[in-house]
Amino acid sequence: MPPGITIAADAPELSAANTGFMLICSALVMLMTPGLAFFYGGMVRVKSTLNMLMMSFISLGIVTILWVLYGFSVAFGTDHGSLVGWDSDYVGLSGIGINQLWDGYTIPVYVFAVFQLMFAVITPALISGALADRVKFTGWALFITLWATVVYFPVAHWVWGTGGWAFELGVIDFAGGTAVHINAGAAALGVILVIGKRVGFKKDPMRPHSLPLVMLGAALLWFGWFGFNAGSWLGNDDGVGALMFVNTQVATAAAMLAWLSYEKLRHGAFTTLGAASGAVAGLVAITPSGGSCSPLGALAIGAIAGLLCAMAVGLKFRFGYDDSLDVVGVHLVGGIAGSVLVGFFATGGGQSKAQGLFYGGGLDQLWKQLAGVGAVLAYSLIASAALALLVDKSIGMRVDEDDEVAGIDQVEHAETAYDFSGAGGGTAARTGLPTSLAGGAEALVQKKNKDQKKNKKVDA
């Protein structure tokens with residue numbers, strides 16, 4: 001995927017080793033989306049847990065179908081104007097031979113397509129963390145359908161498709177700093193500016209309801225990210241994928257420690273939420289840069305990103321935008337940091353011969369990185385805000401205020417994350433509600449009992 005690839009004159013043959021490796025990497029990237037669901041699901045309040053899980057999970061369904069029908073063709077088909085691709089053989093994946101190889105590589109087109117599909121799935125899911133507690137599920141489903149079509153597929157072509165303007169310019173994005181993280185982070189900012197703040201933002205406590213769930217999600221993301229990053233070289237023949245694997249671990253560790261250090265100095269404690277968020281910040285930052293830097297460079301990139309992202313998550317309170325789970329602070333800021341730092345730390349001995357400022361390359365690679373970052377950020381921000389406005393004005397993007405206060409899980413999914421029906425003497429039977437609603441009913445019964453006791457005391 002990255003610039004600087006040389007294609008051998010002799011046609012390659014299918015490699016069983018590389019094909020098997022890429023199928024495993026594809027499965028690892030797929031696991032990241034449920035991992036993200038757990039990560040986000042633990043960070044919200046109880047009443048929004050299931051909705052948060054579903055906002056990630058539904059992307060597996062919607063984006064898969066779009067990818068098969070036309071998404072792969074738009075992203076990786078024959079270039080048209082350096083902006084989009086198109087190849088009729090890729091429509092429906094119907095014109096691809098079972099042994100047909102991806103150009104210049106030793107893996108089948110089907111394997112490349114399914115690997116890239118998993119990137120397309122998780123990118124809109126990343127946006128959902130900024131919108132917790134307040135988005136209609138139907139509105140969200142329509143939004144990601146439109147967003148994948150209008151934003152993700154074309155941007156993927158810009159960055160990774162042969163003929164895409166960023167690819168041809170020489171912008172280095174090994175595995176998705178621009179196409180995935182800046183793209184999703186800018187989209188998140190655009191959407192929240194349209195739909196507004198949660199009820200009680202800056203007033204009510206909105207603490208994570210399950211930090212163990214957050215840590216589980218972070219662990220799954222960290223695990224799956226090795227497939228996300230190392231797999232993006234599409235093989236194991238020259239050691240670049242191994243370099244990326246090592247750098248992924250190093251940068252993630254450095255970012256986690258940097259975030260925790262900042263927390264301790266600023267707030268006086270090392271938090272589990274900070275450890276999980278710091279790790280994700282490091283993973284985000286090394287995604288575009290890990291194939292071009294050394295392990296020491298990865299350490300520096302991770303530490304810088306961890307510090308910057310830890311500082312950035314507080315900007316929402318200063319500027320008043322309600323980024324519920326810090327998608328802007330982690331993915332947008334981390335993606336920008338990792339992409340721009342390529343211009344400083346690229347050694348010229350990894351994925352390409354491009355060198356950064358610290359290795360004698362001057363400003364040449366840096367300005368290319370800045371161009372890629374600026375273009376993707378601006379396009380995604382504006383297009384995403386326009387799409388959110390379109391959805392909001394048509395079928396509605398946001399739930400009613402009363403429904404938001406009551407809990408979006410009950411309103412949108414008729415379920416609760418935790419079923420307490422067995423702890424209250426059979427609430428479901430007493431209320432006549434389905435078992436899946438018994439947890440919410442139990443809470444209502446308990447509240448009613450407390451109110452009655454309070455009124456009796458007042459009367460007395």
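Residues numbered from 1 in each chain as written. Predicted model: local features only at pLDDT ≥ 70, side-chain atom pairs only at ≥ 80, totals over all residues. Heavy atoms only, no water.

### Concerning the overall build of the protein chain
Move 1: Secondary structure assignment for the protein chain yields 17 helices and two strands.
Move 2: In the protein chain, which comprises 460 residues, the proportion classed as buried is 55%.
Move 3: Summarising the internal contacts of the protein chain: among those between residues at least 6 apart in sequence, 75% fall at separations of at least 24.
Move 4: A total of about 18,400 Å² of accessible surface is found on the protein chain, and carbon and sulfur atoms cover 65% of it. (Helix = DSSP H or I, 4+ residues; strand = E, 2+ residues; numbered from the N terminus. Buried < 20%, exposed > 50% of the residue type's maximum accessible area, 1.4 Å probe, protein only. Contact = heavy atoms within 4.5 Å. Areas by Shrake-Rupley, 256 points an atom, 1.4 Å probe, with all protein chains shown as cover.)

### Some words on the packing of helix H3 (residues 109-127) against helix H6 (residues 177-195)
Any two packed helices are characterised by how steeply their axes cross, that is the angle between the axes, and by the distance between the axes.
Move 1: Between H3 and H6, the least distance of the axes is 8 Å, while the angle of their chain directions is 30 degrees. One finds that H3 runs roughly parallel with respect to H6. Crossing handedness for the pair H3 and H6: right-handed. Where H3 abuts H6, its residues Phe119, Thr123, Leu126 and Ile127 lie against Ala179, Val180, His181, Ala184, Ala187 and Ala188. (Axes fitted to C-alpha atoms, helices over the stretch in contact; angles between N-to-C directions. Parallel < 35°, antiparallel > 145°, perpendicular 65-115°, else oblique. Left-handed = near helix turned anticlockwise from the far one by under 90°.)

### Side note on the nonpolar core
Move 1: Within the largest apolar cluster, 110 residues are counted, with the highest numbers of intra-cluster contacts made by Phe72, Leu131 and Phe143.
Move 2: Membership of the second largest hydrophobic core comes to 10 residues, among which are Ala285, Ile286, Ile301 and Ala305. (Core = buried A, V, L, I, M, F, W, Y, C linked by side-chain atoms within 4.5 Å.)

### Considerations on the pattern of salt bridges
Side chains that differ in charge, positive against negative, can pair when their charged atoms come close.
Move 1: Considering all chains together, one arrives at seven salt bridges under this definition.
Move 2: Arginine 198 is the partner of aspartate 322 in a salt bridge, and the nearest nitrogen-oxygen pair spans 2.8 Å. Here aspartate 322, found in the loop between helix H11 (315-319) and helix H12 (327-345), pairs with arginine 198, found in the loop between H6 and helix H7 (211-230); they are 124 residues apart in sequence, far enough to count as distant.
Move 3: According to the relative accessible area criterion, arginine 198 is buried, its value standing at 9%.
Move 4: The partner of lysine 368 in a salt bridge is aspartate 364, with the nearest N and O atoms 3.4 Å apart. Placement of both lysine 368 and aspartate 364 in helix H13 (residues 364-394) is noted, with a separation of four residues, approximately one turn of the helix.
Move 5: Ionic contacts of the salt-bridge type, sharing partners, join the residues Arg45, Asp133, Arg134, Arg198 and Asp322 into one network. (Salt bridge = Lys/Arg side-chain N within 4 Å of Asp/Glu carboxyl O.)

### A few points about the confidence of the model for the protein chain
Move 1: Residue-level pLDDT values for the protein chain average 91, and 89% of them are 70 or greater.
Move 2: Low confidence marks residues 2-9, where pLDDT is under 50. Its contacts with residues over four positions away, or in another chain, come to 16 contacts.
Move 3: Note on residues 425-448: pLDDT is under 50 here. Beyond four places in sequence and across chains, it has 33 contacts. (pLDDT = per-residue confidence, 0-100.)

### Some remarks on the environment of valine 191
Move 1: In this fold, valine 191 is placed in helix H6.
Move 2: Remark: the alpha-carbon pair of valine 191 and leucine 387, spanning 196 residues in sequence, is separated by 8.2 Å.
Move 3: In this view, valine 191 contacts Leu131, Phe143, Ser384, Ala388 and Met397; residues no more than four positions away in its chain are not counted.

### Focus: the side chain of serine 56
Move 1: Structurally, serine 56 is set in helix H2 (residues 49-76).
Move 2: Ignoring sequence-local partners within four residues, the contact set of serine 56 consists of Thr33, Leu36, Ala37, Tyr40, Ala125 and Ser128.

### Brief notes about the packing of aromatic side chains
Move 1: As enumerated under the stated definition, the model contains 27 aromatic pairs in all.
Move 2: Centre to centre, the rings of tryptophan 67 and phenylalanine 72 are 5.6 Å apart; their planes meet at 55 degrees, and the pair counts as tilted.
Move 3: Here phenylalanine 72 falls in the buried class, since its relative accessible area comes to 0%.
Move 4: Aromatic pair phenylalanine 119 and phenylalanine 228: ring centres 4.2 Å apart, planes at 15 degrees, arrangement stacked. Of this pair, phenylalanine 119 sits in helix H3 while phenylalanine 228 is found in helix H7, placing the two residues 109 residues apart along the sequence.
Move 5: One aromatic cluster in this structure is built from Trp67, Tyr70, Phe72, Phe76, Tyr90, Trp102, Phe112, Trp147, Tyr152 and Phe153. (Phe/Tyr/Trp six-rings, centres within 6.5 Å; stacked < 30°, edge-to-face > 60°.)

### Quick look at unusual backbone geometry
With the exception of glycine, most residues fall at negative phi, and the peptide bonds are largely trans.
Move 1: Although it is not a glycine, aspartate 326 adopts a positive phi angle of roughly 65 degrees.
Move 2: In this fold, aspartate 326 is placed in the loop between H11 and H12.
Move 3: For aspartate 326, a relative accessible area of 18% gives the class buried.
Move 4: One non-glycine residue, alanine 414, lies in positive phi territory at about 55 degrees.
Move 5: Within the secondary structure, alanine 414 sits in the loop between helix H15 (408-413) and helix H16 (427-431).

### Details of the packing of H7 against helix H8 (residues 240-267)
Move 1: It is the contact of H7 with H8, at a shortest axis distance of 9 Å, that shows an interaxial angle of 140 degrees. The hand of the H7/H8 crossing is right-handed. Facing Trp222, Phe226, Asn229 and Ala230 of H7, the residues of H8 in contact are Gly241, Met244, Phe245, Thr248, Gln249, Thr252 and Ala253.
Move 2: Its residues assigned to classes, the contact of H7 with H8 comprises six nonpolar, five polar and no charged. (Nonpolar A, V, L, I, M, F, W, Y, C, P; charged D, E, K, R; others polar.)

### Concerning the side chain of threonine 287
Move 1: Tracing the backbone shows threonine 287 in helix H9 (residues 272-289).
Move 2: When sequence neighbours within four positions are dropped, the list of residues in contact with threonine 287 reads Phe174, Ala175, Gly176, Gly177, His181, Trp225, Phe228, Asn229 and Met244.

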